[in-house]
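# Structure at a glance
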Amino acid sequence: MSYKLRRAVVTDAEGLAEVFTDPSVLAGTLQIPYASPLLWRERLSKPDAPVLLLACHGDNIVGSAGLHTNMGTPRRAHVAAVGMGVITAHQRKGVGRQLLAALLDLADNWYGLTRVELSVFTDNAPAIALYTKFGFEHEGTYRAYALRNGELADCHTMARVRDRPTVRVS
Amino acid sequence: MSVAIRRANVDDAEALARIHDDSSVRSGTLQTPYPLISSWRDRCAQTDGQIMLVAVSGEAVIANLGLYPNSKTPRRAHAASLMMGVHAAWKRKGVGSALLVAALDIADNWYGLARVELTVYTDNEAGIGLYKKFGFETEATLRKYALREGAFVDAYAMARLRTRPT
């Protein structure tokens, strides 16, 4: 199956809200049920909005991935956080791989970042495997990190550290 | 010398900017040189349940601690992060302890939080020792967490868990 990637725009708010009502997306992220399209519209229209990429199957949004930079914190401007979600019906079909590859190309080659970080629920084995394949390493485990379906669940924190482009000044 | 803890107000912005415009304080935080008084004023405004405490000796503000609940993320509303800074001349005199006692009382007994978290540079032994004394445990080592005087430094993520009132 082929998926097309594109940048999210304000008019995708409804579609994004729908993606994030998917139970497995809810379970894997920090979103809440009954996602508000208004909230997504607000997120997408902020000047410091994250780079949000969408994976589309025909006209339908089936997944999204965001690169959240730290431009407001100069001493962490070399760092960005990644968050992503793929709806149940399109999981394990390479959507996540495609989205993550695109985000890391942005991070490495266009933002010139040193560190990309993320947190992932400790029992989300497919996501952990994906991140590991892309060079993310386990840095630790946050206990009782977030509420998920009535329970405080742990998260691993993972990061991928690269040397950013430099000049050689003699 | 006696130190009192009180809630910060916007008039403290100038003193806080001055405390943080010091290389030894800066090396423990994410602040940059030439701090803006206006951004400290914003921090002192304390919206969304944020608490900024200051330690004072006489009239002088000598340290601060911010407690930041995750007010915009309902699924993390049981957690808050904290950050602090102590004037260079007042380090290792119990000021940090006094601020932490006050902040953790709010976290435990008035906000009912399950988790208080922070990051501390891995070479900040005084900070790490203080946090451990208050029950914080190291959960992760974040590589190249921030830039400090021209080099990337690692940070520990630490957290303190409590059983919430039920």
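Just above, that's the structure.
Fair warning: this is a prediction, and the values are worked out from it, not measured in the lab.

Scanning chain A from N- to C-terminus turns up five helices and seven strands. The linear arrangement of helices and strands in chain A, starting from the amino end, is β-α-α-α-β-β-β-α-β-α-β-β. Computed over the C-alpha atoms, the radius of gyration of chain A is 16 Å, within 12% of the 15 Å expected from 2.2 N^0.38 for a compact globule of 170 residues. On the principal axes, the C-alpha backbone points of chain A span a range of 55 × 35 × 35 Å. For chain A, contacts bridging at least 24 residues in sequence account for 60% of all contacts bridging at least 6. Taken together, the 19 basic and 16 acidic charged side chains of chain A have centroids lying 5 Å from each other.

This next bit is on helix H1 (residues 13-20) of chain B. Residues and elements named next belong to chain B. Most of H1 sits out of view: six of its eight residues are buried. When H1 is considered as a whole, its buried residues turn out to be Ala13, Ala15, Leu16, Ala17, Ile19 and His20. Where H1 is buried, its residues touch helix H2 (23-26), helix H3 (37-45), strand S2 (51-57), strand S3 (60-69) and strand S4 (79-86).

The next subject is the layout of surface pockets. Empty space among the atoms becomes apparent when a probe as large as a water molecule is rolled across them. Residues and elements named next belong to chain A. The computed volume of the second largest pocket comes to approximately 170 Å³. If you go around the second largest pocket, the residues you meet are Arg6, Asp12, Gly15, Glu18, Val19, Asp59, Asn60, Ile61 and Ile87. Ranked by residues supplied to the lining of the second largest pocket, first place goes to helix H1 (residues 13-19) with three residues. The class makeup of the residues in the lining of the second largest pocket is three nonpolar, two polar and four charged.

Rules used throughout
- The written sequence of each chain sets the order in which its residues are numbered from 1.
- Starting at A for chains and at 1 for ligands, labels are handed out in the order in which the entities are written.
- The predicted nature of this model means local features are confined to residues of pLDDT at least 70 and side-chain atom pairs, given and counted, to a pLDDT of 80 or more, with totals for whole chains, interfaces and linings taken over all residues.
- In computing side-chain properties, one takes all heavy atoms of the structure into account and sets aside hydrogens as well as water.
- Numbering of helices and strands starts at the N terminus; helices are DSSP runs of H or I of at least 4 residues and strands are runs of E of at least 2.
- Here the radius of gyration uses the C-alpha set of atoms, whereas the globule reference equals 2.2 Å times the residue count to the power 0.38.
- Contacts are assigned to residue pairs that have any heavy atoms within 4.5 Å of one another.
- Counting rule for charge: Lys and Arg are taken as positive, Asp and Glu as negative, and neither His nor the chain ends is counted.
- The atoms used to mark charge sites are NZ of Lys, CZ of Arg, CG of Asp and CD of Glu.
- Buried residues are those whose accessible area, probed at 1.4 Å on protein chains only, stays under 20% of the maximum for their type, while exposed residues exceed 50% and partly exposed ones sit between those limits.
- Two kinds of site are reported from a 1 Å grid over the protein atoms alone, namely cavities, where a 1.4 Å probe fits but cannot get out, and pockets, open sets with protein on both sides within 12 Å along at least five of seven lines, and residues are called lining when an atom falls within 4 Å of a point.
- Grid points are joined across faces, edges and corners, and a volume is the space filled by probe spheres set on the points.
- Note on residue classes: Ala, Val, Leu, Ile, Met, Phe, Trp, Tyr, Cys and Pro are nonpolar, Asp, Glu, Lys and Arg are charged, and everything else, Gly too, is polar.

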